[in-house]
Amino acid sequence: MALSYLKRFLRLYAGLFLCAVSIRLAIQGGVGVTPWDVLHMGLADVTGISYGTVNILVGLLILTTSIVLGEKIGFGTLCNTLSVGYLVDFLAWLDVIPAAPDLLTGCLMTTASLFVLAMGSFLYIGAGMGCGPRDSMMTAFSKRLTRVPVGLIRGAIETVVLVAGFFLGGPVGAGTVIGMFGIGPAIQLVFGLFGFDVRTVRHESVADTLRILSGKTAPA
């Protein structure tokens, strides 16, 4: 039992790390960040607080929305909310992803970041420990809008976020356009490649996981 959960947590954090790498790739592309980071960086500029802190605060706000929509809050949800922003700050401190030297390279880096993000989402959502706040909202809407492709739902969310970030002064450019129109197809392609449907994942809440680990409830 403990080994099974260790594997799931490793999958979870592998996914979260890829999400952080994706964000850092887009930032270093230097051609405009993806929609969520337009919002995060716009808020950081307006408030004067760090990227990582803004990421966490926005995540907590979205998490509240997901709870209202009936999504379970699991250890994966909490780890995502409290970790990804600081993982991005850590990657910036390590300085292992160089800045793009030109526009073409920047666009390629931003495009690559979308597929890294999609792969990260596949890994950590598939761990069944609860979606992160942003993907919890995507999943919640997917369950209610069953005839709408998940990629289209994700794209619509990204568009709303982009507009809000733009008015806050977040950096918008060619990379933002790539992110806005590319994230939906990237999610659809990667999820389809692995035959992964977010609607079929049974996520454990924090309480569920604690009961299973204590032996009070058998795993599903």
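Residues numbered from 1 in each chain as written. Predicted model: local features only at pLDDT ≥ 70, side-chain atom pairs only at ≥ 80, totals over all residues. Heavy atoms only, no water.

**Observations concerning the nonpolar core**
Residues Trp-36, Ile-125, Ile-157, Phe-191 and Phe-196 are the most contacted members of the largest nonpolar core, which totals 46 residues. Sorting the residues of this core by element identifies helix H1 (2–29), helix H2 (35–47), helix H3 (51–68), helix H4 (75–94), helix H5 (103–126), helix H6 (133–144), helix H7 (150–167) and helix H8 (174–193) as the ones contributing at least two each. The contacts of Phe-191, once residues within four sequence positions are left out, are Ala-118, Ser-121, Phe-122, Ile-125, Phe-196 and Val-198. (Core = buried A, V, L, I, M, F, W, Y, C linked by side-chain atoms within 4.5 Å. Buried < 20%, exposed > 50% of the residue type's maximum accessible area, 1.4 Å probe, protein only. Helix = DSSP H or I, 4+ residues; strand = E, 2+ residues; numbered from the N terminus. Contact = heavy atoms within 4.5 Å.)

**Some remarks on H5**
Taking 1.5 Å of rise per residue, the 24 residues of H5 would be expected to cover 34 Å, and the 35 Å separating its terminal C-alpha atoms lies within 8% of that figure. Here H5 starts with a cap whose side-chain oxygen sits 3.3 Å from the backbone nitrogen of Leu-104, and that cap is Asp-102. Phi for Gly-128, located one or two positions after H5, is positive at around 70°. (Expected span 1.5 Å × (residues − 1). Polar contact = N/O pair within 3.5 Å; in protein donor to acceptor, adjacent residues only side chain to side chain.)

**Quick word on the environment of Leu-104**
Note on placement: Leu-104 falls in helix H5. Separated by 26 residues in sequence, Leu-104 and Gly-130 place their C-alpha atoms 37 Å apart.

**Points about the pattern of salt bridges**
Tallying each qualifying case throughout the model produces two salt bridges. The partner of Asp-208 in a salt bridge is Arg-211, and the shortest N-O contact between them spans 2.7 Å. Within this pair, Asp-208 and its partner Arg-211 are both found in helix H9 (residues 206–213), separated by three residues, close to a single helical turn. Here Asp-208 falls in the buried class, since its relative accessible area comes to 14%. (Salt bridge = Lys/Arg side-chain N within 4 Å of Asp/Glu carboxyl O.)

**Thoughts on the packing of H2 against H7**
The interhelical angle for the contact between H2 and H7, taken along N-to-C directions, is 30°, at an axis separation of 7 Å. Classed by the angle they form, the pair H2 and H7 counts as roughly parallel. Considering only the axes of H2 and H7, their crossing is left-handed. Between H2 and H7, the contacting residues are Pro-35, Trp-36, Val-38 and Leu-39 on the first element and Ile-157, Glu-158, Val-161, Leu-162, Ala-164, Gly-165 and Phe-166 on the second. Among the residues forming the contact of H2 with H7, the class breakdown is nine nonpolar, one polar and one charged. (Axes fitted to C-alpha atoms, helices over the stretch in contact; angles between N-to-C directions. Parallel < 35°, antiparallel > 145°, perpendicular 65-115°, else oblique. Left-handed = near helix turned anticlockwise from the far one by under 90°. Nonpolar A, V, L, I, M, F, W, Y, C, P; charged D, E, K, R; others polar.)

**A word on the side chain of Ser-205**
Checked against the element boundaries, Ser-205 lands in the loop between H8 and H9. On the accessibility criterion, Ser-205 (14% relative accessible area) is buried. Excluding residues within four positions of it along the chain, Ser-205 makes contact with Lys-72, Ile-73 and Gly-74.

**Quick word on the packing of H3 against H4**
Between H3 and H4, whose axes approach to 7 Å, the crossing angle comes to 160°. It follows from the interaxial angle that H3 and H4 lie roughly antiparallel. Relative to H4, H3 is oriented so that their crossing is right-handed. Contact residues: H3 offers Tyr-51, Gly-52, Thr-53, Asn-55, Ile-56, Gly-59, Leu-60 and Leu-63, while H4 offers Thr-77, Thr-81, Leu-82, Gly-85, Tyr-86, Val-88 and Asp-89. A breakdown of the residues in the contact of H3 with H4 according to their chemical character gives seven nonpolar, seven polar and one charged.

**Describing H4**
If you check H4, its first and last C-alpha atoms are 27 Å apart, about what 20 residues at 1.5 Å a residue would give, namely 28 Å. The principal kink in H4, of about 40°, is found at Ser-83. Taken as a whole, H4 has its buried residues at Gly-76, Thr-77, Cys-79, Asn-80, Thr-81, Ser-83, Val-84, Gly-85, Val-88 and Leu-91. Residue Asp-95 follows H4 closely and has a positive phi angle near 55°. (Bend = angle between axes of the 7 residues up to and from the residue.)

**Brief notes about the packing of aromatic side chains**
Enumeration over the complete set of coordinates arrives at six aromatic pairs. Ring centres 5.9 Å apart and planes at 25° place the aromatic pair Phe-90 and Trp-93 in the stacked group. Of this pair, Phe-90 and Trp-93 both sit in helix H4, three residues apart, which is roughly one turn of that helix. Centre to centre, the rings of Phe-122 and Phe-196 are 5.3 Å apart; their planes meet at 80°, and the pair counts as edge-to-face. With a gap of 74 residues between them, Phe-122 in helix H5 and Phe-196 in the loop between H8 and H9 connect regions that are remote in the sequence. By relative accessible area, Phe-122 is classed as buried at 11%. The ring of Phe-122 has Arg-11 sitting right over it, with the charged end atom 4.9 Å from the ring centre. (Phe/Tyr/Trp six-rings, centres within 6.5 Å; stacked < 30°, edge-to-face > 60°. Lys NZ or Arg CZ within 6 Å of the ring centre and 35° of its normal.)

None of the figures reported here should be taken as evidence of function without further support.
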